[in-house]
Structures are given as C-alpha cells and as structure tokens.
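# Observations on the model geometry
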Amino acid sequence: MLKLSTKSLEISLTGKLVLKTLFVLIVLIGLLEGVARLPWPTDRIPAPSMGTYYIIDIELSRLADYVQENDGVDVIIFGSSLAHSGLDPEIIENVFQQGTGQNLRVFNCGVTGMSLLPATSFVKIITQSYNPTLIIHVTEMRDYSSLTTGGLIHSVANDPWFHYKLGKFSPKGWIIDHSMAMQRYLSFRFWVRDDFPAWYSLLQKRLVDITPWGFEADRRVADDLNASPDPNNEKDKYMLDAYEDYQVAPERVESLKDVLSQPDKKVVIVEMPVHSAALQYFGDPSEDYQEYITTIEQTVQDYGGKFISTANLNIPNIGYSNKFHLNQDGAPLFSEFLAQELVHLYNTGWYQP
Amino acid sequence: MSPSIEEQISHFICEEIIHQPERVLASTEPLLSSGLLDSFSLMDISLFVEDNFGVRIDDTELNVDTFDTLEELAVLIRNRMDTAA
Amino acid sequence: MAITSLAFAGFVIATLVAYHLVPSTWKKYVLLIASLVFYAVFSWQSLIAFSLIALSNFLIGIQLSKEQNKTFWLWLGILINITSLIVFKYADFYLPQVKAVLENANIQTSADGLKILLPIGLSFFVMQGMSYLFDINKKRIPAIKYFPDFWLFALYFPKLLSGPMERAGRFIKQINQPQIVDTKTLETSLALIVMGTVRKMVLADPLTSMLPSDVFTDPEKFAPHLLAAWLLAYGFAIYNDFAGYTNIIRGVSGLFGISLTQNFNVPYFARDFTEFWQRWHISFSNWLRDYIFYPLTRVLRRKFDRKNPLNVILPPFTTMVVSGLWHGLNPHMIVWGGLHGLYQVIERIPSFWRPTIPPAKRPKWRQWLGGLVTFGMAMLAWVPFRADLPTTWAFWKQLTLLFNIPILKKAIHPRSFVYLGSEQSNLYRIWSFPDLRIFILIIPSLLIDIWQYRHPDINTIRDWSQWAKAIALAMSLLAIYLVSLASPQAPFIYQGF
C-alpha cells in the first residue's frame, strides 16, 4: 500500500489495478500476437514491416520464404532500384546451372533508394541473418558522392530496428524484431493518411510484381535517352547541381570497405551498366568516371573482393527505362552477363557455393 | 386564501409556456434539467417573477445551478422578498 | 507543448510535486509560476501582451467596483477586450488592407514585418475578462483586489489554450481554498485524462489526418456518398478533438484539486438544437446565454409581446452570429452561426401553440427522429464552419445528389471511376464505398458516447469492478500506443481560436 499525504493530498494506492492492467495487457498482446501469426495471404496483405520502407518489408518477407523453400541462400544481391529491377536471379540461377552443372540459390535484395551508405547496414543485417556465401553489390558513380543524400539514407540512419539489429539495443527495436503483431501493425501504419488508398493500391501491385526471387521487372521504356538534361526539370536540375563538381568522397569509400569486410564471405562489386548518356549529369564525365572506377577497382582489390566491370556489356537503348535503370528487356542481358562472370569465378575456384 | 408562490408560477408555466392548462406541476418536479423549460421560457418566468413578486432573478441565475424545481424557485423568491422587506 | 506530449506530462508532474509539497498559502503561486512558464514556452512576447490585457481587466474591475463612472469603465473594458481580439485575431482580415494603404503611400513593407501573432488563448480569455467586468458591474461578484489571483485566473495553464471559459468568482474561490485531492478524486481525474487522450489521439487525430486534402476545397470532385462520409468524419474529428482536450485538462486540473466546467455532454445525442447547445462547448454557450441571449431577450420582452417575431428571431440569431464571429471574422463563420440560430428559431415556433414535452418524455420515435434530424443538420452546418462560402454551396449542392439514385448507383458501380481525394482515384472496388476507416473510428466514439449518455457523472467509474477498470485501461493504453506509431500528432482544431 502506497500512501501519500500532504496538506492537499490524501491518497492510498494498493497497486492492484496496475497489476491487473498489466495482466490484461499481456493477455491482449498475446491474442494479437496469435492473430498476427496466422497464415495471412501474402499477395493481399502487406508484408510484416520493420517500420522503415515497404519495399524492404517485401524483400525481407520474400527472402524468408525463399530461404525456407530452398533451405538457405547462396548469393544475395544488394543495391538500389538499379539492382532491384536490373538483375533477375532466376536467370542467373539457370545460366549458372547450365554453365557449371551446379545449383546456385540467388536472391535479389535490391531496394529502391538504397544507395551505398544505407546499404552497408542492410548488408550486415541480412548477411548475419541468412549467411550467404557470396554478396553482390551493384554500384554506380552516384554512390560515392557526398551530395547523394536522398533515398533511404536518413530513414535507415534513424531507424530503431536497424539500430537494434546492428547491436544498439532499444525497447522499440526489440519489440519490432520479435513481435509479429507489431510487424503486422507497422505494415498498416499509413492507415491514418489521406493517401492511404493510393498507397495500399500501390503496395498490392508491388506485392504481385515482386517475384519470389525479390526481383521486380521495370516495364517502362525510355523515350529519348540521348536528350540532354533539362535544367528546368526538377530532377535533372537536382542531379546537375549535385554532380557538377563530382568527387569520390572518402567516407563513401569507407562504406564500400564495410561492405567488403563481411567476415567469411566473398564479395563481388559489379558496376551498374548505366546508359552512356547518364554521364551528362557529371561536370567532367570522362575524368569523373575514371576517378570513380579507379578508386573502386583498387579498393575492391585491396579488400580481397572481385570487381566486375560492365564496360564491355552492350545493352540496346530499348533495354533502358531511363538513363540509369534497366527494364524488362535490359535486365535479362545484365543477368546473363553477371551469371557468366559467376561461372568464371566458380571455374577459377575463387567462389564455391 | 391567495395562491402560493408555487401555485402562481405553476399556473403561469402551464398556461403560458407549456400550453397544458389542466396540468399542475409538482413542487419537486425537475423543470430545467428535464428540458421542460428552456432559455426562452426561463426569461419569461424571470419577468413574471419580477412583475408579480418584485424579485429580480439575475441572468446568470437562470440556470439549473440556481434552481431546478418550483420549490427551489419559491425559496429563492421568498428569501429575496424577505431581504427587500 | 502539446497536451498529449510527454513534455507536457513531465511538466504537469513537476508542477504537481511542487504544488502538493508547498504550504497551502504558496500553492496558487506555484500554479501561477507554472502557468507563466507554460505560456512563455509558446512565446514570451505573447505572454507580455496577454498579461497586459489581463492587467487592464484587473484595474478596470477595481474601478468598476468603486461605483463611479461605471458606464465609462465598463465600456472601456469592453473596448480594450474587443479591440485586442480584433487587433490580434483578425489581423489576416485587415493587414492586407493596411499593406495596400502603406504601399499607396510608397511605404514598402515585408510580409513578415506586418505579421501579428495571436497570443494563444486570447479569444478564450477575452470572453472570461468581459464576463468578469459584466459580473462586477452587476454586483454579482466583488472585484478581485489581488493581481496575482487575477493573473492566475487569466493564465491558469490547464484552461489557458482552449478553455473552458470559467467564471472568475467560481475559479478564485477554488484557488484560495485548495481542495484536498483524495484517492477518489485521483481516480476520476486519471479516468478523464485517459478518456480524453483516447478521444484526442486515437479518434480525433486519425480522423483529421485521413481527411482528403481537397474535400473542403473541391467537393464537386467527390461522389455524394463519399462526400457525406467525409463530412461525418470531420464532424466526429472536431467533436473528439475538443471533447478530448477538455477531458484531459479537466483531469489535469482535478489533480490540483481545482474543478473546471464540463464542456461537452454527448452533444450528438441531442434531440433538438436547444439541447445541442446545452451539450456542445457548454462553457461558451453558457457565456453566450448569460451575456448576450438573456440581456437581449429581457430588453426585447419588455418592449414586445413574446410571440412577436423580433422576440422569436433576434435573440437566438444574434447570439449564434456572435458565436460565429468569435470563431472567425469571415462570412462563412457568420453563415455557420446564422444556421444554428435559424435552427433554434424554427424549433421555437411550434412551442407557441403545442404543449411542451421534455425531450426524455417524448415518444421514442420522436426522440429518435429529433436526434437524427439534429445530428444531420449539425453535420451540414459544419461545412461553412470549415470551408469558405463558395465551397460551402458547392459542397451542399453535391450532397443533394445523394437523392439522385441513378448518379448514386453509378458512383458505387465497381467499374466506375471514383475520385477519392488528395489526387487519388479508385483502383479497387472497395474504395467506391465510403472509407471503412471512418467507421472503424466512429464506432468507438459512439460507444464512449453511449456510456457517457447513460452515466453523465464520470464519478460512476469508481463503481466499476477492478477488472473492468483494468480492461478499459489496458485497451486504452494499447490503442494510444499503437496510434502513436501511426502518425504525428495533429494540433487541436480549436487551438487557433
């Protein structure tokens, strides 16, 4: 019994109500947890969410299903939307099988907006959880500029679940990681927004479009790839301003080193075959490209990884949805190319699944 | 014997306000909290009391915190009549 | 500092500790200092302006009590209060004209230079200040002779931002005779805080944030049944927002042993508009009744017969138009107020020949019909409260299409293009129907209201079994936590007044 008594206060509390409330809370949470763990249809209901970004949620869900069905995973591909819609693991698996007679389990964990900086955390978390033998990161010039600040950089940097998985404990992070009820609720966390219908429709479309290998084909075809960037266009202006004075930032190279430093894992850094017109955004295209490619090649070599250049990979214009992204015609070409490179790495003994 | 204060007010309310002349209001019947009398009719009653008993009920007293029944209203009127005397 | 924030909770706890530990004679100073700090967090400049207005009211109150030149002092007080309200609150209305005049005289001003910020809570204080002066003038209360008491009355932090509008006499009595807070008071106060937080955070905030951005700007884009559903959402959002706020601050104030006026009593269950205004923003409608409706009625009744149209129309109409003007100096607010005045006038007319039956004694069907009509008309009146006049007409016009069966049938057809608001159109069949989310939130609101309707006295919560209390508390806490993860808090709709 707690008694508080002053001139204006005369209260006595037994604490029974608190205990009973806690008990009811536990029962309620247990019920919610039970309902959340029912087998909900994955093509209708949003994937359980860690609270960051819905594409991450879909990828994690697809990866968990893939690992369960295939009893593990050998290769995980990381990167931004360039990777997400640029590499079809199904094609890579088939080509590798044909070239080596060996089965290879490949999953594409590319996420829209996941440039190199936030990718380092994601690579670490996924690698720890699923233990692939080979990590592939799809990289491009913009990854190494300190002026690339959009996408998932800020949300990942402040995300409680990411922090929790990287060893920084928080009650919120723990709850998100362990509670399916919380994950299910977070998948609907936009329910209070005025644009929820549009968001939900988009989500359902992505749920259908993203394959069990984590790949999502881009169905768009670029209009005029060689047209010069338009300074009056908001996106073009942003990129022209950001990359006019391009420099490879040392801190971004540190991120690359983090990716290359996964213990007991082989790491391949593959250059994204962007369209040559993409260099129009850079102040000094040829010099900037040389600075980027030289730095990356050297760093990858120093850290025991393999760098795969796509300088000799020819993808026709029809295979692009814009200057940076491959579409459903370009992705198979890139996928076959990468698969052949993996066959070569396998045959030379550098990589064994 | 002249009608009591309660009887006079009851008669006024039933005749003029609620249009039920055959009715007699009980002295403890809730008048305001029941919604029988609203703000419009309370002012009528206030003016009736002023004109017939010489007692002023202030605007801020025309609510359920001051009186709700005939009995309570009559007590208020009598007290003020006594004070004035 | 939002009152549903942890910062506010921490502030209240700190103030409570100080308040309950200090000797009785110091308690009101603790509240005063806390209120000054609370206000200063918003704006110290506004605090100075607000305090000066409070000081003016205090000094004029003392002059009024001296019985000399009362008329002069009363009118001065009214002038100061109304002028301060006009200067600060209606700046958006006159500043553009001032800017134009200055520019014509070749005096350039920046947009910021002519900005005047409304001191928070001023609209509410002005009404309380004027009622204080009216009451002294009528000798209902003695003047407050001690400025710290009056300052606290003006600034008391629980009621500062959005009321309730307290009467000075009742409030001052309480701060000078502190009530003991016992276990029962604690229980009721905490129940009010929890209930208020549920209304505000779990019901009002989501309803407000899910409203399409263009429902009150381009209503003609919406199918009539969807428009009606969003109007319903708005009506429940504004109700739960304000009622929730009042519950919280009544609960907070109860922890200090100071009881504040109940401001909402299940208004959407009112069976007519007379009853509605006895249940909605009670402290404000009582103010309007005591200081506008009754005085005006008294004057008119002395001149004209009770059935004279002037007696029937002017008092309710004027009172409600003043209410509209207090909310905003623009035509659509006047229409809102005028509508409510009109509703009351229309309701009044049958009472001149029909026997009056209290709402609770009417036949059930009449009560239900009255309730539904009152509710529907109140919802319609929210349109001019929220939207400008041209949009109001467009909104109402679009709603009339609810009675156009072919249009309605087409709108709910699975293959129809239906605009959903905020630049969205439907892609899936379910969105052709009113948004389910609205009803997911309205139903709990109605359930709380039903309970409150049957138990108007919140103290009945003390009679619940401990398990019932535990279940209610657990569900409330869980709901609050989950909704806090969904979206940032929205500001109180009434806090702009």
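Just so you know, these numbers come straight off a predicted model, no measurement behind them. Sequence order as written defines the numbering, with residues in each chain counted from 1. Lettering of chains starts at A and numbering of ligands starts at 1, both following the order in which they are written. Local features in this predicted model are restricted to residues of pLDDT 70 or higher, and side-chain atom pairs are both shown and tallied only at a pLDDT of 80 or more, whereas totals for entire chains, interfaces and linings draw on every residue. Computation of side-chain values covers all heavy atoms of the structure but excludes hydrogens and water.

## Remarks on the pairing of strand 2 (residues 9-13) of chain A
For two strands to count as paired, DSSP must find a minimum of two bridges between them. In DSSP terms, a helix is any run of H or I states spanning at least four residues, a strand is any run of E spanning at least two, and both are numbered starting from the N terminus. The pairing of strand 1 (residues 2-5) of chain A with strand 2 of chain A spans four bridges and is antiparallel. Residue pairing in the sheet places Ser5(A) in a bridge with Glu10(A) of strand 2 of chain A. Once strand 1 of chain A ends, the chain turns through three residues before running back antiparallel as strand 2 of chain A. In this sheet, strand 1 (residues 181-182) of chain C lies alongside strand 2 of chain A in parallel orientation, the contact comprising two bridges. Within the sheet, the bridge partner assigned to Glu10(A) lies in strand 1 of chain C and is Asp182(C).

## Focus: the interface of chain A and chain C
Many descriptions give the size of an interface as the accessible area lost when the pieces come together. Residues count as neighbours in contact if any of their non-hydrogen atoms are within 4.5 Å of one another. Facing 34 residues of chain A, the contacting portion of chain C comprises 42 residues. Counting each side, the surface lost to burial between chain A and chain C is near 3300 Å², with a carbon and sulfur contribution of 69%. Each reported salt bridge corresponds to a side-chain nitrogen of Lys or Arg within 4 Å of a carboxyl oxygen of Asp or Glu. Across the contact surface, chain A and chain C share zero salt bridges. Counting of polar contacts relies on pairs of N or O atoms within 3.5 Å, with two restrictions inside protein: one atom must be capable of donating a hydrogen and the other of accepting it, and residues adjacent in sequence are counted only when both atoms are side-chain atoms. The interface formed by chain A and chain C holds 15 residue pairs in polar contact (both at pLDDT 80 or more) in total. Where the side of chain A that touches chain C is concerned, the elements lending two or more residues are strand 2, helix 1 (16-36), helix 8 (171-178), helix 9 (180-187) and helix 10 (196-209) of chain A. Looking at the side of chain A that touches chain C, the element that brings in the most residues is helix 1 of chain A, giving ten residues. Nonpolar residues are Ala, Val, Leu, Ile, Met, Phe, Trp, Tyr, Cys and Pro. Charged residues are Asp, Glu, Lys and Arg, and all others, Gly as well, are polar. Split by residue class, the side of chain A that touches chain C holds 19 nonpolar, six polar and nine charged. The buried area of a pairing is the accessible area, by a 1.4 Å probe, that goes missing from both parts when the two are put together, added over both.

## Section: the sheet that holds strand 5 (residues 134-139) of chain A
Sheet strands pair via backbone hydrogen bonds, and the direction of the pair is either parallel or antiparallel. Residue and element names in this part refer to chain A. Read across the open sheet, the five strands follow the order 4-3-5-6-7; overall the sheet is parallel. Because the sheet does not close on itself, it has two edges, and the strands there are strand 4 (106-108) and strand 7 (306-308). The sheet shows a mean angle of 20° between the axes of neighbouring strands, taken without regard to direction. When strand 3 (residues 75-78) meets strand 5, the two strands line up parallel, connected through four bridges. Pairing of isoleucine 77 across the sheet is with isoleucine 136, part of strand 5. Of the strands in this sheet, strand 3 and strand 4 touch helix 2 (residues 54-70), which is tilted by about 170° from strand 4. Fitting a line to C-alpha atoms yields each axis, with helices limited to the stretch in contact; the angle taken between N-to-C directions then spans 0 to 180 degrees.

## Notes on the side chain of His275(A)
All names here are of chain A. Residue position: histidine 275 is located in the loop between strand 6 (266-271) and helix 13 (285-302). Only protein chains enter the accessibility calculation, which uses a 1.4 Å probe; a residue is then buried when its area is under 20% of its type maximum, exposed when over 50%, and partly exposed in between. On the accessibility criterion, histidine 275 (7% relative accessible area) is buried. Here the side chain of histidine 275 touches asparagine 317 through a polar contact of 2.8 Å, side chain to side chain. If we skip the residues at most four places from it in the chain, histidine 275 touches Leu225, Asn226, Asn317, Tyr320 and Lys323.

## Here we look at the pattern of salt bridges
Residues and elements named next belong to chain C. Taken as a whole and assessed by the stated rule, the structure comprises 38 salt bridges over all chains. Here aspartate 449 ties to arginine 199 by a salt bridge, and the two come within 2.6 Å at their closest N and O atoms. Of this pair, aspartate 449 sits in helix 19 (residues 436-454) while arginine 199 sits in helix 10 (residues 183-210), placing them 250 residues apart in sequence. A relative accessible area of 0% means that aspartate 449 is categorised as buried. Taking the relative accessible area as the measure of exposure, arginine 199 reaches 1% and is therefore buried.

## Considerations on the packing of aromatic side chains
Paired rings are identified among Phe, Tyr and Trp, the last through its six-membered ring, by centres lying within 6.5 Å, and are further divided according to the angle between planes into stacked (under 30 degrees), edge-to-face (over 60) and tilted (the rest). For the coordinates displayed, the defined rule picks out 75 aromatic pairs over all chains. The interplanar angle of 35° and the centroid separation of 6.2 Å between the aromatic rings of Phe122(A) and Phe162(A) together place this pair among those described as tilted. Residue Phe122(A) is found in helix 5 (residues 116-130), and its partner Phe162(A) is found in helix 7 (residues 160-165); the two are separated by 40 residues along the sequence. Among the residues examined, Phe162(A) registers a relative accessible area of 0% and is labelled buried. Look at Phe147(C) and Trp151(C): their rings are 5.3 Å apart centre to centre, the planes differ by 25°, and that puts the pair in the stacked class. Here Trp151(C) and Phe147(C) lie together in helix 7 (residues 147-155), a separation of four residues that amounts to about one turn. Classification of Phe147(C) by relative accessible area gives buried; the value is 19%. Residue class for Trp151(C) comes out partly exposed when judged on its relative accessible area of 22%. Here, a charge over a ring means that NZ of Lys or CZ of Arg falls within 6 Å of the ring centre while also lying within 35 degrees of the ring normal. Lying across the ring of Trp350(A), Lys266(A) places its NZ or CZ 4.8 Å from the centre. Seen from the ring of Phe153(C), Lys159(C) lies directly overhead, with NZ or CZ sitting 4.9 Å from the centre.

## Some thoughts on the interface of chain B and chain C
Across the contact, 26 residues belong to chain B and 27 residues belong to chain C. Of the roughly 2400 Å² buried at the junction of chain B and chain C (both faces included), carbon and sulfur atoms supply 49%. Of all residues in chain B, His19(B), Phe40(B) and Asp59(B) bury the most surface against chain C, accounting for 29% of the area lost on that side. With its nearest N and O atoms 2.8 Å apart, the salt bridge here joins Asp59(B) to Arg298(C).

## Details of the confidence of the model for chain C
Residues and elements named next belong to chain C. Along the chain, pLDDT gives the predictor's confidence residue by residue, from 0 to 100. Of all residues in chain C, 92% attain a pLDDT of 70 or more, and the chain-wide mean is 89. Mean pLDDT per element in chain C: helix 5 (residues 91-104) is the minimum at 70, and helix 16 (residues 364-386) is the maximum at 96. Across residues 489-497 the pLDDT falls below 50, and counting only partners more than four positions away or on other chains, this stretch makes 38 contacts in the model. Scoring of the predicted complex yields 0.88 for pTM and 0.93 for ipTM.

## Here's the deal with the arrangement of the chains
Summarising the chain contacts, two pairs of chains touch, and the pair with the most contacts is chains A and C. Between chain A and chain B there is no contact, and the shortest C-alpha to C-alpha separation is 27 Å.

## So, helix 5 of chain A
In an α-helix, one turn spans 3.6 residues; hence positions three or four apart end up facing the same way. Between the first and last C-alpha of helix 5 of chain A there are 20 Å, a value that for 15 residues agrees with the 21 Å anticipated at 1.5 Å per step. Contacts made by the buried residues of helix 5 of chain A are with helix 2, strand 3, strand 5, helix 6 (153-157), helix 7 and helix 12 (250-260) of chain A. Between the first and last residue of a helix there are one fewer steps than residues, each counted as 1.5 Å, and that sum is the expected span.

## Observations regarding the nonpolar core
In plain words, nonpolar cores are sets of buried Ala, Val, Leu, Ile, Met, Phe, Trp, Tyr and Cys residues tied together by side-chain atoms within 4.5 Å. Grouped together as the largest cluster of nonpolar side chains are 230 residues, with contacts concentrated most on Phe122(A), Tyr268(C) and Trp382(C). Excluding anything up to four places from it in sequence, Phe122(A) contacts Ile56(A), Leu60(A), Phe78(A), Cys109(A), Val111(A), Met114(A) and Phe162(A). Ranked by size, the runner-up nonpolar core spans 31 residues in total, among them Ile5(B), Leu47(B), Ile57(B) and Phe67(B).

## Quick notes on the domain arrangement of chain C
Residues and elements named next belong to chain C. Domain start and stop points were drawn from an automatic or database domain assignment. Domain parsing of chain C yields domain 1 (6-176) and domain 2 (183-267 + 401-496). Counting residues at the interface gives 22 residues for domain 1 and 17 residues for domain 2. Counting every contact that joins domain 1 to domain 2 gives zero salt bridges. If you look at where domain 1 meets domain 2, you find nine residue pairs in polar contact (both at pLDDT 80 or more). At the level of elements, helix 1 (6-21), helix 8 (157-160) and helix 9 (168-176) are the ones that each hand at least two residues to the side of domain 1 that touches domain 2. Looking at the side of domain 1 that touches domain 2 element by element, the count peaks at six residues for helix 1. Tallied by class, residues from the side of domain 1 that touches domain 2 come to 14 nonpolar, five polar and three charged.

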